[in-house]
Each structure stands twice: as C-alpha cells, then as structure tokens.
Amino acid sequence: MQMCALLWINASRTSTEREGERERSLLRLRGREEAGKRDESSSSAESFRNSFKSALRARIEWRSFIHHMSSPSTTMMRVSWRRAIVGSVENTTTNNRRARQHEKTKRKTTTTRHATKCQTSQTASFSPKGAKISGVGKALPKKFITNDDLAKLVETNDEWIRTRTGIGKRHVISGDETLTSLAEEASLEALKMANVNPEDIDLIIVATSSPDDLFGSACLLQSAIGAKGALAYDLTAACSGFVVGLVNGMHYIRGGGYENVLVVGADVLSRYVDWRDRGTCILFGDGCGAVVLTATSKVEECSLLGFDMHSDGSQNHHLTAKVCGAKAGKVWQSDSEAGELTSYDNIGMNGQDVFKFAVRAVPMTIKESLKNANMQPEEIDHLVLHQANQRIIDAAAQRLGLGDDKVVSNIAEYGNTSAASVPLALCEAVESGNVKRGDVVAMAGFGAGLTWASCLLKW
Ligand code: COA
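Report on the accompanying structure.

Next up on the list: the sheet that holds strand S4 (residues 203-207). Ordered in space as S1-S7-S6-S4-S5, the 5 strands form an open sheet in which the pairing is mixed. Edge strands, defined here as strands with exactly one partner in the open sheet, are strand S1 (130-139) and strand S5 (231-235). On average, adjacent strands in this sheet sit at an angle of 20 degrees to one another, irrespective of strand direction. Where S4 meets S5, 5 bridges bridge the pair, whose relative direction is parallel. Residue valine 206 lies in a different strand from S5, and its bridge partner there is aspartate 234. Of the strands in this sheet, S1, S4, strand S6 (260-267) and strand S7 (287-296) touch helix H8 (residues 179-194), which is tilted by about 130 degrees from S1.

Here is the structure:
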C-alpha cells in the first residue's frame, strides 16, 4: 500500500514535475528493494520479490526485467509497468481474499450456467445447416513490378524467374492502398455476387499475416463495409490461412446459428520483403480475395465435402518474418531498443527446403481430403493451389494424376500473394466461367508455420 502511494502521480501536475516525482519515487523504491535484499530474514522482502515475479508471469524474463528496471533512465513505459507491478503487490492480499470469494461465487454460478447451456441445446433456436460459397471477389493494387524492373534492383533476369517460378510480375501496394482497402474492395464484390447485404453478415474472418493493425484488420474491414452485426477477427496461418479460414467459416454455418460468413484472404507482404534479396523478392506480391459463405436450407446440400489441416512448428525456421532481435534471443537492454524490437524482420526463407516440403505436403493433404470425402483424385474438376511456384503446382498435379486442363494458375500475373493466392485463383476461375455448378474444386494452401491445409468443395 505504501509503495503504491509512493508511485501515485498526480495527473494534474506538469510533465516535468511528474517526471521528477517519478525519479524520486523510483529511487525511494529501489532503496527499499536494496534494504529488503540486505535483510535475509525479512519476509516482506521475500513476498515483495515473489509478487514481482508472479506479476510478470511468463511474459518477461526475470533477470532481464531487473536489469531493465535498474537502468538509470526513466520512461513512461517503465513507470507504468512498475505502477502495475507495485499495484499488484499492494493488491495481493486483497486479491487473495477476492479470489477465495470469487471461487465460492463461481462454484455457485457454474451450476446455473451449466443449466442455462443445457437448456439452450434442448430448446435450440438454430439447427445444423449446409454451407456454400455464394459469392467471390478480388482486389489487386494498381502498381505492379515486372521481372525486368527487378533485374534493375538485384542480379536476376526475366528468363531465370519465369523458368524457376513461373512468375512474370507482382502487384504491390502504393499511395493510400492498404490491406484493409484491398479487403474492402474484394469483399464488396463478393457480397454483390452473393446478393448479401453487409448488415446480414454474421462473421468476418480475415486470413492474413500482414494486418494494418497488430490487433487485427478484420474489425477495420467490418467498419469499412458497414457489417455492423458481424463478429470480426483475424486468422494467421500464413499461406494456408484462406483454406483454414474457409473451413472455419463453413463450420460456423454447419454447426448452426450463422447464416452468412465473409472469409477474406489478404496479404501485403511487400511490406516485409527485403528488396535486396533475390531469393525472396522475386516471389511475393500483394493482393486479396474474398468469398461469402451462405447457409443452405438442407445439411446435405453442404458444399464442403472433405478437409485436412496440419502444422509443424519444428520446421518453422524454414520461412519466417520474426520480431526483430527474436532470432538472436535478444532481450530489451534499453527503452529505446524496446521500440526497435517490436518491429518485424524481413522474410527469411530456405527456398529449397520449402520447395521440397510443398511438393510432398500438397498431394498428401489433398489425398487426405479425398479420403475424408470418400472420393478419388479423378473426381476433381479443378485444382486450386496456393500460387507459390509453378513447378510446385505442376509437381502436385502430376502426383495426383491430374492433367493441365484441371490446374488453375495465375501465378504469372500476381506471384505469391500468400493468404490471398487461393481465393484470387478461385475468383478468376469462377469469373471466367470455368468452374460450373456441380464441379468439384480441390484447394490447398501451404507455407510458413509450417502449415498446410486442403479442402474439397462441390460448386
Ligand atoms: N535470379 C538469378 N539467380 C538466382 C536467383 C534469382 N532471383 N535466386 C537464386 N539464384 C541462384 C542461386 O544463387 C544459385 O546460384 P549458384 O548455383 O551459383 O549457387 C542458383 O540460382 C540456384 O539457386 P536455388 O536456390 O537452388 O534455386 P531454386 O531452383 O531452388 O529456386 C526458389 C529458388 C526460391 C525459386 C525455389 O527454391 C522456390 O520456389 N522454393 C519455394 C519457395 C516458396 O514457395 N516459398 C513460399 C512458400 S509459401
């Protein structure tokens, strides 16, 4: 309580006064900490340290924290951390009391809540439904970079890029274009095709690894399109994100309760590409694709025939864009460094390892989806794979025994647009009239994580 009072800062004072007061408070506090350390038998010092540790939980390493806190400079961040921690010391006793009280109340209410839940399922206002894709849309940045443009930046050439990857150009955001603006354009197009009003969307899932806001872009999209009634959240599963999001969205409808779900795959990885690295800058581009999922009246009309999804974090190092410094296991040494360490590194990739993984994983996951659906590869009419490399697409098609006529490819135009690539390819295949009612579409995404996922849909 005393310590909390020491750190209490009157908000109405000037910032210089507040800063001085903070310094004095911290010095007094540090003095107490030292005194506490000297007195080995002091139980209050022990409980003080324990409370510090528990307040930090797993978030900050203890030693780095002490180092950080005893640095002579004082910042807003440290003061607010300290205030929170000291607050937690003061509150420990109160919290213990409250926790015991809360436990008692919880025991009582759990019974009540459980009863409510059971009642809901007995008198369920919703029933399981089927789900289908009712609309598709896409958006691409206006500006694009050709292979010849890249040859001016790094040692490469059009022939090498086309032969090794199949890529001819890639779009990149510029001016006031953002991930959200692309998502808005693609979503409105998909909603128009589905004949669904934004107010009728129940859920928005934005699959992305490059949001405009660290806390997510889905809510920004929700606001932009006026989907006031929707829950909106981001999903990060890199280049598998759209397929994972699609399967998620389907289940929200199949399980009952949701009528319309908007699933968006969007990425602007040009923000994280090292434009001096010819091993990666030739591959990535920006874009967005969106689909609207709508409930069907009968469960058996569901478009989702089968799916299969995986991750393997032990292979994470093959494709990364880590928080700066995280690779070296670095901890904050000063407050100014804290800012630097919260931005992200450029994309790092072991191209050949990712290539080998993709060639193996894609046919495997599609075969698994086929098995779930009790179907054979020859029943696939369209193969819509993540557009990472034409050689990966061709190898997967070959392993599944599917001819070129069944393979959807637009990699030459857009490169690898990460979470956007599957919905972009799907959208173009639908718009061109190639995908017709009753056709079976196999989709698969793969990439960082590592993650890989596939699904089979009856159009
Ligand atoms: N232009 C010209 N030469 C290049 C080059 C470029 N852009 N990039 C690499 N090279 C060179 C290499 O330095 C190497 O030269 P060396 O033989 O003198 O050492 C040579 O070309 C072969 O490099 P390598 O890495 O073996 O090429 P590759 O055939 O494996 O192709 C990728 C490289 C990146 C195109 C390929 O590995 C790939 O597509 N991997 C999968 C990546 C992927 O899909 N990532 C996203 C997953 S979501």
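So, on to helix H14 (residues 390-400). Two residues of an α-helix separated by three or four positions point the same way, owing to the 3.6 residues in each turn. When we look at burial in H14, the residues that qualify are Ile392, Ile393, Ala396 and Ala397. For H14, the angular spread of the buried residues around the axis is 130 degrees, confining them to a single face. Considering only its buried residues, H14 is in contact with helix H13 (351-373), strand S11 (382-385) and strand S12 (407-408). One or two residues past the end of H14 sits glycine 401, with phi positive at roughly 75 degrees.

A few words now on the pairing of strand S13 (residues 440-447). Regular strands place their side chains on alternate faces of the sheet. When you tally the buried positions in S13, you get 7 out of 8 residues, the bulk of the element. Sheet topology places S11 next to S13; 4 bridges connect them, and they run parallel. Across the sheet, residue valine 384 finds its bridge partner in S13, namely methionine 443. Where S13 lies against strand S14 (residues 451-458), 8 bridges are found, and the strand directions are antiparallel. The partner of phenylalanine 446 across the bridge, within S14, is tryptophan 452. The loop that links S13 with its antiparallel partner S14 comprises 3 residues; one of these, glycine 449, has a positive phi angle of about 135 degrees.

Calculation rules
Residues numbered from 1 in each chain as written. Predicted model: local features only at pLDDT ≥ 70, side-chain atom pairs only at ≥ 80, totals over all residues. Pairing = 2+ DSSP bridges. Helix = DSSP H or I, 4+ residues; strand = E, 2+ residues; numbered from the N terminus. Axes fitted to C-alpha atoms, helices over the stretch in contact; angles between N-to-C directions. Contact = placed C-beta atoms within 7 Å. Buried ≥ 20, exposed ≤ 12 C-beta atoms within 10 Å, placed from the backbone. Arc of directions from axis to C-beta.

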